[in-house]
Amino acid sequence: MAHVRWSRRWPVVLVSVFALVAAACGEDEPEPPADDGQMQEFPAGSTMAELQEAGEITIGVKYDVPPFGFRNPQTDAIEGFDVDLGQAIADELGVEPNFIEAISDNRIPFLVDGTADLILSTMTITTDRDAEIDFSIPYYIAEGRVLAPVDSDITGVEDLAGKTVCTATGSTYEENLKENAPEAKLRLVDTYSECFELVQTGAVDAVSTDDVILTGMIIQDDTLELKGEGYTVEPYGAGIAEGDTDFKEFVDGVIQAFIDDGRWDATYQKWIGQYTGETDPAPTMTLEEALELRPCEETC
Ligand code: GLU
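Model, not experiment: these values are computed from the prediction.

Cut-off values and rules
- Residues numbered from 1 in each chain as written.
- Predicted model: local features only at pLDDT ≥ 70, side-chain atom pairs only at ≥ 80, totals over all residues.
- Heavy atoms only, no water.
- Near = heavy atom within 4 Å.
- Polar contact = N/O pair within 3.5 Å; in protein donor to acceptor, adjacent residues only side chain to side chain.
- Areas by Shrake-Rupley, 256 points an atom, 1.4 Å probe, with all protein chains shown as cover.
- Core = buried A, V, L, I, M, F, W, Y, C linked by side-chain atoms within 4.5 Å.
- Buried < 20%, exposed > 50% of the residue type's maximum accessible area, 1.4 Å probe, protein only.
- Phe/Tyr/Trp six-rings, centres within 6.5 Å; stacked < 30°, edge-to-face > 60°.
- Helix = DSSP H or I, 4+ residues; strand = E, 2+ residues; numbered from the N terminus.

Draft legend 1. Region of interest: the site of the ligand. By nearness alone, 17 residues border the ligand, and Lys62, Ser104, Thr122, Tyr192 and Asp210 come closest of all. At a separation of 2.6 Å, an oxygen atom of the ligand approaches a polar side-chain atom of serine 104. Within the side chain of tyrosine 192, a nitrogen or oxygen atom sits 2.6 Å from an oxygen atom of the ligand. The protein chains hide 100% of the 280 Å² of surface that the ligand would expose on its own.

Laid out in structure tokens, this is it:
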């Protein structure tokens, strides 16, 4: 499994803070797939045909979560791993991507009410969510971690009793923390940038969410660090409107091709590997295996 052990790789991440800016400026782009100029044809009435008719696909991504979805401060462009995958899906349809911000709590409502055609927003596949929307095959495997100031006495998730811990409303960490740190005081906010500010000012003792999100914070502030080991597995899936089986199959096909033809490796290297100095393989976990990690809690 492609777990990222950030604490071990941490010095490399820090040294590479300037490289992140370079990448954000558009250097080291992976090669786009060959464009033969042919637009794929889809059955009339399918989501794919409708998107082609519209000429664009609206994709909900994060705007404040480097390296998955963030606004490049120099160009204002939205960039990251999720954005590159979204671009690949738009390219396959022959349409323009329209990236909108989907914070954790908006992801499912945006699919249900049609605000977004697709969600690529560091979203863990869970059985509860799967009752409301459909998921693609897993395209990234993150891990749940705890971040706190370097000089904090917190040693990991088992050490959060009585501490104030920030995470995002609508994220898996509402449950993850209740289960793994039942005596922690949760501070729920809309965005991870709010958690970042709160831990920097000392208004909360720690932040808990996915390793890749926390590492984005560490890159910006080296007085923060990961504490303890990973305590949950978070397989990311693309969110698709419930019951749109053809579109799900299409998205699965694009993700599988992205993995098989080396674009996943190039994208991993561009956004993650070059800072960690390690190469993790693309996920091989099936959707069923991802769902088995989180047995049904509420709505199913
Ligand atoms: N992957 C977790 C989730 O889907 C946390 C990250 C996030 O909130 O975007 O809830």
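There is more to say after this.
Draft legend 2. Highlighting the nonpolar core. Ranked by size, the top nonpolar core spans 59 residues in total, and within it Ile57, Leu118 and Tyr140 carry the most contacts. Formed by 16 residues, the second largest nonpolar core is a distinct cluster that contains Ile108, Ile119, Leu287 and Leu291.

Draft legend 3. Local environment of the packing of aromatic side chains. For the structure shown, the criterion picks out 14 aromatic pairs. Taking 5.7 Å as the distance between ring centres and 85° as the angle between the ring planes, the aromatic pair formed by phenylalanine 70 and tryptophan 271 counts as edge-to-face. Within this pair, whereas phenylalanine 70 is found in strand β3 (residues 69–71), its partner tryptophan 271 is found in helix α11 (residues 263–276), the two being separated by 201 residues in sequence. Ring plane angle 10° and centroid distance 5.3 Å describe the contact between tryptophan 264 and tyrosine 268, whose orientation is recorded as stacked.

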